[in-house]
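# Fold and geometry: a report
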Amino acid sequence: MEIFIDSADVKEIQEAWDMGVIDGVTTNPSLAAKTGRNYDETIKEIAKIVDGPISAETVSLDFAGMMKEAYHFAKMHKNIVVKIPMTEVGLRAVKQCASEGIKTNVTLTFSANQALLIAKAGGTYVSPFVGRFDDISEEGMQLIEHIRQIYDNYDFKTKILVASIRNPIHVRDAALIGADVATIPLSVIKQLTKHPLTDIGIQKFLEDWKKVPQ
Ligand code: E4P
């Protein structure tokens with residue numbers, strides 16, 4: 001499973017990249033707003049740090065506007081993936097982008113049927129939001145299982161990118177189910193590195209090392 005960092009903060013992205021565990025980046029308008037920076041400048045800076053797919057999100061809801069933003073982002077850097085919301089118009093834009101070789105990530109996906117349509121339209125990635133689904137007492141990870149099964153049934157090539165990840169259990173379950181990608185906030189990536197027995201083990205080795213003649 002690939003790991004993307006879910007952030008528009010270049011310092012966080014640099015830190016995660018330096019850890020050696022990330023393959024790409026996802027951003028969205030809310031993450032961009034937190035930075036207080038110009039979005040285009042941020043995306044260009046991220047592209048200098050990370051050699052992998054970088055999702056830049058469109059905000060137009062009409063076809064012409066979506067495509068204008070798609071072309072704008074696509075020409076910015078070869079690694080840009082255009083993030084498009086899951087709407088009827090969005091599917092049309094996904095099909096158009098696919099026909100022109102522009103990669104897409106369809107965001108705000110909350111049902112297996114939406115994911116089926118995204119694959120039919122030729123989306124490169126589908127982003128089901130597990131955390132926001134859990135928030136309304138639905139089973140976020142069950143949605144991933146359903147999409148995995150449907151895509152495998154018909155050999156769809158669209159990649160399942162598990163989004164809205166809130167904790168390490170989401171990451172483990174995404175990997176067990178066979179998701180293609182998990183996009184993870186830096187705080188959760190750091191949680192993945194931790195285990196109390198690792199810390200206890202290091203402490204014991206350091207104490208015992210003091211007893212070894214130098
Ligand atoms: C990533 O592509 C999504 O926009 C993001 O994971 C949403 O996460 P949230 O539900 O925590 O805002």
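Here, the structure is the one placed above.
All residue numbers refer to position in the chain's written sequence, counted from 1. Where totals are concerned, whole chains, interfaces and linings use all residues; where local detail is concerned, this predicted model gives features only for residues with pLDDT of at least 70, and gives and counts side-chain atom pairs only at 80 or more. Remark: hydrogens and water are excluded; side-chain values derive from all non-hydrogen atoms of the structure.

## Some remarks on the sheet that holds strand β7 (residues 159-162)
Pairing is parallel in the closed barrel, where eight strands are placed in the order β1-β2-β3-β4-β5-β6-β7-β8. The mean inter-strand angle of the sheet, taken between neighbouring strand axes irrespective of direction, is 30°. Pairing geometry for strand β1 (residues 2-6) and strand β8 (residues 181-184), over four bridges, is parallel. By the bridge assignment, F4 is partnered in β8 with T183. Any two strands with at least two DSSP-identified bridges between them are counted as paired. Under the scheme used here, helices are H or I runs from DSSP no shorter than 4 residues and strands are E runs no shorter than 2 residues, and both carry numbers assigned from the N terminus. Axis lines are fitted to C-alpha atoms, over the contacting stretch for helices. Their N-to-C directions set the angle, which ranges from 0 to 180 degrees.

## Here we look at the packing of aromatic side chains
Centres within 6.5 Å make a pair out of two Phe, Tyr or Trp rings, where for Trp the six-membered ring is used; the pair is then stacked when the planes are under 30 degrees apart, edge-to-face when over 60, and tilted otherwise. With the rule as written, the count across this model stands at six aromatic pairs. Ring centres of Y154 and F156 lie 6.0 Å apart, and the angle between their planes is 50°; this geometry places the pair in the tilted category. Feature note: the residues F110, F129 and F133 constitute an aromatic cluster, connected by ring pairs. Lysine and arginine charges are scored as sitting over a ring when NZ or CZ, respectively, is within 6 Å of the ring centre and within 35 degrees of the ring normal. The ring centre of F63 lies 3.6 Å from the NZ or CZ of R92, which sits over that ring.

## Quick look at the nonpolar core
Here, the term nonpolar core denotes a set of buried Ala, Val, Leu, Ile, Met, Phe, Trp, Tyr and Cys residues that are joined through side-chain atoms within 4.5 Å. Burial classification: accessible surface area is computed with a 1.4 Å probe over protein chains only, and a residue below 20% of its type maximum counts as buried, one above 50% as exposed, and the rest as partly exposed. Of all hydrophobic cores here, the largest spans 57 residues; its most connected members are I5, I144, Y151, I160, V162, I165 and I184. Here, residues are in contact when the closest pair of their heavy atoms is within 4.5 Å. When residues no more than four places from it in sequence are discounted, the contact partners of V162 are P128, V130, I144, A174, A179, V181, A182 and T183. Listed in part, the five residues of the second largest apolar core include F4, V81, Y125 and V181.

## Describing the site of the ligand
A single heavy atom is enough: if one lies within 4 Å of a molecule or strand, its residue is considered near that molecule or strand. Within the structure, the ligand sits among D6, T26, N28, K83, F129, R132, A163, S164 and R166. Under this definition, polar contacts are N or O atom pairs within 3.5 Å; protein pairs additionally need one hydrogen-donor-capable and one acceptor-capable atom, and for neighbouring residues in sequence, both atoms have to be side-chain atoms. Contact between the ligand and R132: an oxygen atom at 2.7 Å from a side-chain N or O atom of the residue. Computed on the free molecule, the ligand has an accessible area of 340 Å², of which 84% lies beneath the protein chains in the complex. Both cavities and pockets are sets of points on a 1 Å grid over the protein atoms alone; in a cavity a 1.4 Å probe fits but cannot get out, in a pocket the set is open with protein on both sides within 12 Å along at least five of seven lines, and lining residues sit with an atom within 4 Å of a point. Placement in a cavity or pocket follows one criterion, namely that more than half of the molecule's atoms lie within 2 Å of its grid points. Of the pockets mapped on this structure, the ligand occupies the largest pocket. Looking at the shell around the ligand residue by residue, the class counts come to two nonpolar, three polar and four charged. Values of accessible area rely on a 1.4 Å probe in the Shrake-Rupley scheme; residue burial ignores everything except the protein chains shown. Just so you know the grouping, Ala, Val, Leu, Ile, Met, Phe, Trp, Tyr, Cys and Pro go in nonpolar, Asp, Glu, Lys and Arg go in charged, and all remaining residues, Gly too, go in polar.

## Some remarks on the pairing of β8
Residues V181 and T183 point to one face of β8 and A182 and I184 to the other, with burial holding for every one of them. Across two bridges, β7 lies against β8 in parallel orientation. Within β8, the position partnered with L161 by the bridge is V181. Each parallel crossover has a hand, and for β7 linked through helix α9 (residues 168-177) to β8 it is right-handed. Looking down the strands as they point away from the viewer, one classifies a crossover as right-handed if the path from the first strand across the helix to the second runs clockwise.

## Here's the deal with a negative patch on the surface
Only residues whose relative accessible area exceeds 30% and that form no salt bridge are eligible for patches; like-charged ones are grouped when within 9 Å, while nonpolar side chains (Val, Leu, Ile, Met, Phe, Trp, Tyr) are grouped when within 5 Å. Salt bridges are identified by distance alone: a Lys or Arg side-chain nitrogen within 4 Å of an Asp or Glu carboxyl oxygen. Under the counting rule used here, the positive set is Lys and Arg, the negative set is Asp and Glu, and His together with the chain ends is not counted. Every charge is mapped onto a representative atom, which is NZ of Lys, CZ of Arg, CG of Asp or CD of Glu. A grouping of D134, E138, E139 and E145 is seen on the molecular surface, where their side chains present a negatively charged patch. As for its placement among the helices and strands, D134 is situated in helix α7 (residues 130-135). Of the residues examined, D134 reaches a relative accessible area of 32% and is grouped as partly exposed.

## Re the pairing of strand β4 (residues 80-85)
In terms of residue burial, β4 counts as a mostly covered element, since six of its six residues are buried. Across the two faces of β4 the burial is the same, with I80, V82 and I84 and V81, K83 and P85 all buried. The sheet contact formed by strand β3 (residues 54-57) and β4 spans four bridges and is parallel. Each residue of the ladder has a partner; that of E57, found in β4, is K83. Each parallel crossover has a hand, and the one from β3 via helix α4 (residues 63-74) to β4 is right-handed. Both β4 and strand β5 (residues 104-109) contribute to a ladder of four bridges, which runs parallel. Within β5, the residue paired with K83 across the bridge is N105. Crossover β4 to β5 through helix α5 (residues 88-99) is right-handed.

## Details of the layout of surface pockets
Grid points are joined across faces, edges and corners, and a volume is the space filled by probe spheres set on the points. The computed volume of the largest pocket comes to approximately 380 Å³. Residue lining of the largest pocket: 23 residues in total, with D6, N28, L31, K34 and P185 positioned closest to the centre. Per-element tally for the lining of the largest pocket: the top contributor is helix α2 (residues 29-35), with four residues. Its residues placed into classes, the lining of the largest pocket shows seven nonpolar, nine polar and seven charged.

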